[in-house]
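Fold and geometry: a report
What follows is each chain in one-letter form.
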Amino acid sequence: MTRNPFTFFKRHQAYGVVFLRFAMGIFLIYGVQDNVFSWQRMLEFRDFLQAHGVPYPLLAAHLSVYTQFLIGLMLLLGWGVRIAGLLLIINFTAAMGIVHIGQTFPQYYPAAELIFAGFFYLFNGAGPLSVDSFLEAVLISFI
């Protein structure tokens with residue numbers, strides 16, 4: 001009898017979404033941390049948005065940067081991941097419409113990938129190894 005070489009991965013499939021959450025969380029935080037911790041970088045982002053015709057560019061810069069930073073933290077913790085997914089979809093759909101129209105596939109692909117990841121998190125949640133799962137178990141035990 002031959003044994004399926006992927007049995008180990010099937011038994012531990014809960015870790016798959018953890019690896020995805022960690023990779024994306026780190027990517028998002030790293031991508032905006034310079035704007036979070038440097039006023040000069042935030043002003044550069046404001047100017048970038050202003051050049052693309054975004055109304056209230058400083059407000060939009062703050063909203064985009066802090067939303068992405070928060071999403072990154074939410075993914076790392078596995079907390080509010082369905083909401084994080086929805087925020088990914090909204091934020092990066094806006095980015096596609098504002099910045100990426102007319103760009104080549106390699107240029108807009110990262111934003112598109114984040115939109116699709118947002119749909120994954122919206123439909124699948126954080127998985128069993130998460131704060132969301134823990135809170136759900138605690139809530140169910142009180143009901």
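Cut-offs applied
- Residues take numbers from 1 onward in each chain, read along the sequence in its written order.
- Reporting in this predicted model follows two pLDDT cut-offs: at least 70 for local features of residues, and 80 or more for side-chain atom pairs to be given and counted; totals over whole chains, interfaces and linings ignore these cut-offs and use all residues.
- Note: side-chain values were computed over all heavy atoms of the structure, leaving out hydrogens and water.
- Residues are said to line a cavity or pocket when one of their atoms sits within 4 Å of a point; the points come from a 1 Å grid over protein atoms alone, cavities being sets where a 1.4 Å probe fits but cannot get out and pockets being open sets with protein on both sides within 12 Å along at least five of seven lines.
- Grid points are joined across faces, edges and corners, and a volume is the space filled by probe spheres set on the points.
- Helix and strand assignments come from DSSP, with helices taken as H or I runs of at least 4 residues and strands as E runs of at least 2, each series counted from the N terminus.
- For this scheme, ten residues count as nonpolar: Ala, Val, Leu, Ile, Met, Phe, Trp, Tyr, Cys and Pro. Four count as charged, namely Asp, Glu, Lys and Arg, and the remainder, Gly too, count as polar.

**Brief notes about the layout of surface pockets**
Taken as a whole, the largest pocket encloses approximately 810 Å³ of empty space. Lining the largest pocket we find 31 residues, and of these Phe-45, Ser-64, Gln-68, Phe-92 and Ala-95 sit closest to its centre. When residues of the lining of the largest pocket are traced back to their parent elements, those giving at least two are helix H2 (14-37), helix H3 (39-51), helix H4 (57-77), helix H5 (81-100) and helix H6 (105-124). Per-element accounting of the lining of the largest pocket gives the leading share, 9 residues, to H5. A per-class count over the lining of the largest pocket returns 20 nonpolar, 8 polar and 3 charged.

**Side note on unusual backbone geometry**
With phi around 50 degrees, Tyr-56 is a residue other than glycine that occupies positive phi space. Mapping Tyr-56 onto the fold places it in the loop between H3 and H4.

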